[in-house]
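Remarks on the overall topology
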Amino acid sequence: MAEEKSTPRAASDNDEISLKASWVGFEETTVVSANQFVSQFMEDGLFILSFGMVTPPFLLGSAEEQKQQALEMGFVPVETLSRLAITPARIRELIQVLEQNLAKFEQRSERKPSE
């Protein structure tokens with residue numbers, strides 16, 4: 001289950017109210033694999049994160065025939081999966097979340113035998 005997080009919401013007279021954010025539809029959302037990433041920043045200060053997937057081409061024949069087929073392709077297409085616009089503050093938060101999660105993963109991986 002997704003972690004709930006307190007999110008401040010501004011109210012009148014600059015008072016803040018803290019509400020919990022609860023992910024809706026989290027379990028039902030399809031998980032897709034991504035192996036290509038692009039990060040851009042715009043003049044208005046937003047970062048655009050793009051996620052994509054490259055699937056190796058299906059090549060037939062001998063090694064030489066496969067090499068020729070690959071050369072004739074010119075490029076391998078990247079299927080765009082998602083593009084997200086994120087503020088610099090949220091980019092910093094995302095980096096922190098990813099670093100913390102990676103550290104937890106690496107810590108657990110050290111305790112388990114290699115697969």
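Scroll up to find the structure this text is about.
Treat the numbers as computed from the prediction; the structure is a model and nothing was measured.

**Side note on the overall build of the protein chain**
Of regular secondary structure, the protein chain possesses two helices and five strands. Listing the helices and strands of the protein chain from first to last along the sequence gives β-β-β-β-α-β-α. Out of the 115 residues in the protein chain, the part that is buried amounts to 7%. Pairs at least 24 residues apart make up 42% of the contacts formed inside the protein chain by residues separated by at least 6 positions. Entry remark: accessible area of the protein chain is about 10600 Å², with carbon and sulfur atoms responsible for 56%.

**Some remarks on the sheet that holds strand S4 (residues 47-54)**
Paired through their backbone hydrogen bonds, the strands of a sheet run either parallel or antiparallel. Taken in spatial order, the three strands line up as S3-S4-S5 in an open sheet, and their pairing is antiparallel. Two strands bound the open sheet, and with one partner strand each, they are strand S3 (36-41) and strand S5 (78-86). The sheet shows a mean angle of 15 degrees between the axes of neighbouring strands, direction not considered. Examined bridge by bridge, S4 and S5 share eight bridges and lie antiparallel to one another. If you follow serine 50 over to S5, its bridge partner there is arginine 83.

**With respect to the pattern of salt bridges**
Applying the stated criterion across every chain, the model contains one salt bridge. The shortest N-O distance in the salt bridge between arginine 90 and glutamate 93 comes to 2.5 Å. On the criterion of helical spacing, the pair formed by arginine 90 and glutamate 93 is a turn pair, its members being three residues apart in helix H2 (residues 88-111). You can call glutamate 93 partly exposed: its relative accessible area is 25%.

**Observations concerning the environment of glutamine 66**
Here glutamine 66 is to be found in helix H1 (residues 63-73). In this structure glutamine 66 comes out as partly exposed when scored by relative accessible area, which is 30%. Those residues in contact with glutamine 66, other than ones at most four positions away along the chain, are Leu59, Leu60 and Gly61.

**Structural notes on the packing of aromatic side chains**
What the rule picks out here adds up to three aromatic pairs. Ring centres of tryptophan 23 and phenylalanine 26 lie 5.5 Å apart, and the angle between their planes is 80 degrees; on these two criteria the pair is classed as edge-to-face. Judged by its relative accessible area of 40%, phenylalanine 26 is partly exposed. Between phenylalanine 37 and phenylalanine 51 the ring centres are 5.8 Å apart and the planes differ by 85 degrees, which places this aromatic pair in the edge-to-face class. Note that phenylalanine 37 is positioned in strand S3 and phenylalanine 51 in strand S4, a separation of 14 residues in sequence. For phenylalanine 51, a relative accessible area of 27% gives the class partly exposed.

Rules and cut-offs
Residues numbered from 1 in each chain as written. Predicted model: local features only at pLDDT ≥ 70, side-chain atom pairs only at ≥ 80, totals over all residues. Heavy atoms only, no water. Helix = DSSP H or I, 4+ residues; strand = E, 2+ residues; numbered from the N terminus. Buried < 20%, exposed > 50% of the residue type's maximum accessible area, 1.4 Å probe, protein only. Contact = heavy atoms within 4.5 Å. Areas by Shrake-Rupley, 256 points an atom, 1.4 Å probe, with all protein chains shown as cover. Pairing = 2+ DSSP bridges. Axes fitted to C-alpha atoms, helices over the stretch in contact; angles between N-to-C directions. Salt bridge = Lys/Arg side-chain N within 4 Å of Asp/Glu carboxyl O. Phe/Tyr/Trp six-rings, centres within 6.5 Å; stacked < 30°, edge-to-face > 60°.

All we've got here are geometric facts, nothing functional implied.
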